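Notes for the structure review
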Amino acid sequence: MTNADLEKIVETSDQWILERTGIRERRICDDSITCADMATEAARNAMAMANCAPEDVDMVIDATVTADYTLPSNGCLIQEKLGLVNAVGFDVVAACSGFINGLTISRGFIESGMYKKIVVVGSEKLSAFTNWNDRSTCVLFGDAAGAVVVEPSTNGSGILSTFMKSDGRMREWLWSKVGGTKHPHTPDFAWDGTDKIYMSGSDVFKVAVKEMGRACLKAIADAGVKPEDVSLVVPHQANMRIIESLIKRLNISPDKVMINIEKYGNTSSASVPLALDEANRSGRIKPGDLVLMVAFGGGMIWGSALVRW
Ligand code: ACO
């Protein structure tokens, strides 16, 4: 869906969207494709890349706020679709930060020796959760999924540090009020968009810029490296201007930052693994590189992970 397509739906313009967000187009999956379908494809591709047999997977975590069902989890659906007969599947609900949270959980289980192979997915069908009458949000989001396989390493590669934080006092800046058990859909529900994504963009913007910068520095410090040692930053793709502020705060060269927001928009928990995969496939990441991932989302919740590739 291009910005021109959106001009036909709400009062907006390609120029406004591009200048304020950096987004030109986003992917919207059709009604026959579910969030778990996309998650399954991503997990399948990651497992193929990692030479990982279905029966060897111990755990599959799907980070998503747009799961197919409230019950069961996408994790169980992915498990069934891929025949991960020895695995446990579950979801992590942490909005745009979810992939970092999933990665951090996997790190704990792998480092403790409890599990050997964990598939971490970020998947979102945000189009189903978007208020298509609200121009301040509907131009931002897209559908996507990405995945990685996490396993023990012996050559110094792997996850060096992770950081997670949240602050529930800011929960109403980015939320979906109706549809949970506190405010369930009632028979006379007005279908006024309160069960879709609401965002106070400028509030979110300010705190995202500050906390993503801090999260990056924390992961770098905890790993005992310097900002200039980082080979590539893979930030959550929420807004080009947020990424530009991050570049300034970290004082790093823009060519050390992976940016693909132009093509996909904000895909929430899928955004970091999607960008990571594109960076990897295009040869931007080499063995031994330090890759810093950082994300921020509704909760508010944020986090970072530093990986030696
Ligand atoms: N087209 C044209 N005009 C628009 C549109 C649009 N699509 N949307 C809003 N406007 C108008 C507003 O009505 C307002 O008009 P007014 O001045 O007459 O009142 C004007 O543009 C400015 O609106 P702002 O909201 O102040 O615009 P801003 O520059 O803040 O950009 C944006 C909005 C893009 C949403 C920005 O605030 C942002 O990116 N925020 C952070 C988003 C984010 O990081 N989210 C975190 C993760 S998302 C997740 O967890 C799912």
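Fair warning: this is a prediction, and the values are worked out from it, not measured in the lab. (Residues numbered from 1 in each chain as written. Predicted model: local features only at pLDDT ≥ 70, side-chain atom pairs only at ≥ 80, totals over all residues. Heavy atoms only, no water.)

Strand order across the open sheet formed by 4 strands is 5-10-9-8, with mixed pairing between neighbours. Single-partner strands in this sheet number two, and they are strand 5 (158-166) and strand 8 (232-235). Each strand axis lies, on average, 10° off the axis of its neighbour in the sheet, ignoring direction. Contacts between helix 5 (residues 98-111) and the sheet are confined to strand 5, strand 9 (290-297) and strand 10 (301-308), with strand 5 contributing the most and set at about 125° to the helix. Sitting on the sheet, helix 10 (residues 271-281) touches strand 8 and strand 9, and the angle it makes with strand 8 is about 145°. (Pairing = 2+ DSSP bridges. Helix = DSSP H or I, 4+ residues; strand = E, 2+ residues; numbered from the N terminus. Axes fitted to C-alpha atoms, helices over the stretch in contact; angles between N-to-C directions. Contact = heavy atoms within 4.5 Å.)

Where helix 7 (residues 201-222) contacts helix 8 (residues 240-250), the axes come no closer than 9 Å and their chain directions differ by 40°. As judged from the angle between their axes, helix 7 and helix 8 are oblique. Relative to helix 8, the crossing made by helix 7 is right-handed. Where helix 7 approaches helix 8, its residues Phe 205, Ala 208, Val 209, Lys 210, Met 212, Gly 213, Cys 216 and Leu 217 are matched on the opposing element by Arg 241, Ile 242, Ser 245, Leu 246, Arg 249 and Leu 250. Considering only residue class, the contact of helix 7 with helix 8 consists of 9 nonpolar, 2 polar and 3 charged. (Parallel < 35°, antiparallel > 145°, perpendicular 65-115°, else oblique. Left-handed = near helix turned anticlockwise from the far one by under 90°. Nonpolar A, V, L, I, M, F, W, Y, C, P; charged D, E, K, R; others polar.)

Moving on, we get to the domain arrangement of the protein chain. With domains assigned, the protein chain is organised as domain 1 (3-154) and domain 2 (159-308). Placing the centre of domain 1 and that of domain 2 at their C-alpha centroids yields a distance of 14 Å. Run the count over domain 1 and domain 2 and you get 1 salt bridge. A salt bridge links Arg 24 to Glu 262; its shortest N-O distance comes to 3.1 Å. Taken together, the links from domain 1 to domain 2 amount to 18 residue pairs in polar contact (both at pLDDT 80 or more). Considering each element in turn, the side of domain 1 that touches domain 2 owes the most residues, 9 residues, to helix 5. Split by residue class, the side of domain 1 that touches domain 2 holds 20 nonpolar, 15 polar and 11 charged. (Domains from an automatic or database assignment. Salt bridge = Lys/Arg side-chain N within 4 Å of Asp/Glu carboxyl O. Polar contact = N/O pair within 3.5 Å; in protein donor to acceptor, adjacent residues only side chain to side chain.)

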